[in-house]
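# Chain and residue survey
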Amino acid sequence: MSNSIAVQRVSVIGLGAMGAALAKALLAGGHEVTVWNRTAARAEPLVAEGATVATTSAEAMAAGDLVILCVLDDAAVREHVEPAAEQLRGRVLVNLTTTTPEQGRSLGRWAEANGVELIDGGIMAVPSMIGGPAAFLLYSGSTAAFDRFRHVLDLFGRAEWVGTDYGAAAMYDLAILGGMYSMFAGFQQGGKMVRTTGGSAAHLATLMGPFLQAMAGMFAQYAPGIDDPASYVPEQSADFTAGALTTINTAADEAGTPSELLQVLLKTVPGI
Ligand code: FVH
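Residues numbered from 1 in each chain as written. Predicted model: local features only at pLDDT ≥ 70, side-chain atom pairs only at ≥ 80, totals over all residues. Heavy atoms only, no water.

## Digging into the sheet that holds strand E4 (residues 66-69)
Across a sheet, paired strands are connected by hydrogen bonds in the backbone, their directions being either parallel or antiparallel. Taken in spatial order, the 8 strands line up as E3-E2-E1-E4-E5-E6-E7-E8 in an open sheet, and their pairing is mixed. Among the strands making up the open sheet, the edge pair consists of strand E3 (52-53) and strand E8 (158-161). With 4 bridges joining them, E4 and strand E5 (residues 92-95) adopt parallel strand pairing. In the strand pairing of E5, Ile68 is matched with Val94. (Pairing = 2+ DSSP bridges. Helix = DSSP H or I, 4+ residues; strand = E, 2+ residues; numbered from the N terminus.)

As structure tokens, then:
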């Protein structure tokens, strides 16, 4: 390991598929890693790679200057964090568990009341991507803590700071996932439609994929319509968009593959 990067004492609580990948990245980065998991056997492969295992989650928290939580949900986070206020005081807690923004803010209030510096995070990767070039993670909350430990967090994937609102990382995370699920719902609907003409979803995938990639390149052009609608001049009018969606909706009805999704999309056209 390079002398320019200080070795940190990092604890990882939760060794499911994602927590184990995070712990491995920390070990590969040369840090002193303490781990804990509710089902103890899941810690064994990491101990073989050099991690120290703690016998309780509170013991693991006390062992790290940086404490990373990656458990199932907010309820599991609170179950382990609240009784360990003493062990966490003065430490930096990074919660990479998926939660809602309000749950992130509530944990932020708890952290401030208990002398804990909180960074709330969202992981935009699957476990096999951790540490690779395509992974990025969203962080919000304590700027000082983020600046202090950014070099460690960068081991997981590109660290993207989104603001001091403890709920911001979760909001960006869920916004991105919402876009992803909308895209898959559109592909599902399109696949049903082309099959009525003797086509296939497999063929559609080869056409829709590159087209949507090109369309995603236009997000930046559309962003002012949301950030500053008063001064935004759309490339295509609301009437054009509503007309296109009406035609798609009619085609779906004619094909016997009607979709509430298309009707909902029509309702999202501004001014229609
Ligand atoms: N896996 C993924 O692709 C996604 C990518 C985006 C972010 N998510 C979030 O990461 C959190 C953990 O996900 P995971 O993939 O590691 O999930 P599992 O493999 O199912 O492991 C769950 C771990 O949580 C532990 N756990 C559950 N309940 C409790 C509890 N009450 N107390 C302590 N630990 C608990 C569980 O322990 P065990 O079942 O092994 O004893 C696992 O360590 C999650 O928020 C994703 O949304 C991953």
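## Some points on the side chain of Gln8
Mapped onto the fold, Gln8 is located in the segment before strand E1 (9-13). Assessed through its relative accessible area of 14%, Gln8 is described here as buried. Each residue touching Gln8, except ones within four places of it in the same chain, is listed here: His31, Glu32, Phe149, His151 and Val152. (Buried < 20%, exposed > 50% of the residue type's maximum accessible area, 1.4 Å probe, protein only. Contact = heavy atoms within 4.5 Å.)

## Thoughts on the UniProt feature "domain: NADPH-dependent reductive aminase-like C-terminal" (unreviewed entry) in the protein
Mapped onto this structure's residue numbering, the UniProt feature "domain: NADPH-dependent reductive aminase-like C-terminal" (unreviewed entry) falls at residues 165-266. Segment residues 165-266 splits into 75% helix and 0% strand. End C-alpha atoms: 33 Å apart. (UniProt positions renumbered as here; feature names shortened; annotations may be inferred.)

## Notes on the packing of aromatic side chains
Inspection of every chain in the model, using the stated rule, returns 2 aromatic pairs. Judged by centre distance (5.6 Å) and plane angle (40°), the rings of Tyr139 and Phe146 are tilted. Members of the aromatic cluster, connected to one another through ring pairs, are Tyr139, Phe146 and Trp161. (Phe/Tyr/Trp six-rings, centres within 6.5 Å; stacked < 30°, edge-to-face > 60°.)

## So, the pattern of salt bridges
Under the counting rule described, the total for this entry stands at 8 salt bridges. We note a salt bridge from Arg158 to Glu160, for which the minimum N-O separation is 3.0 Å. Using a relative accessible area of 48% as the deciding quantity, one classes Arg158 as partly exposed. Through salt bridges with shared partners, one network takes in Glu102, Arg105 and Asp165. (Salt bridge = Lys/Arg side-chain N within 4 Å of Asp/Glu carboxyl O.)

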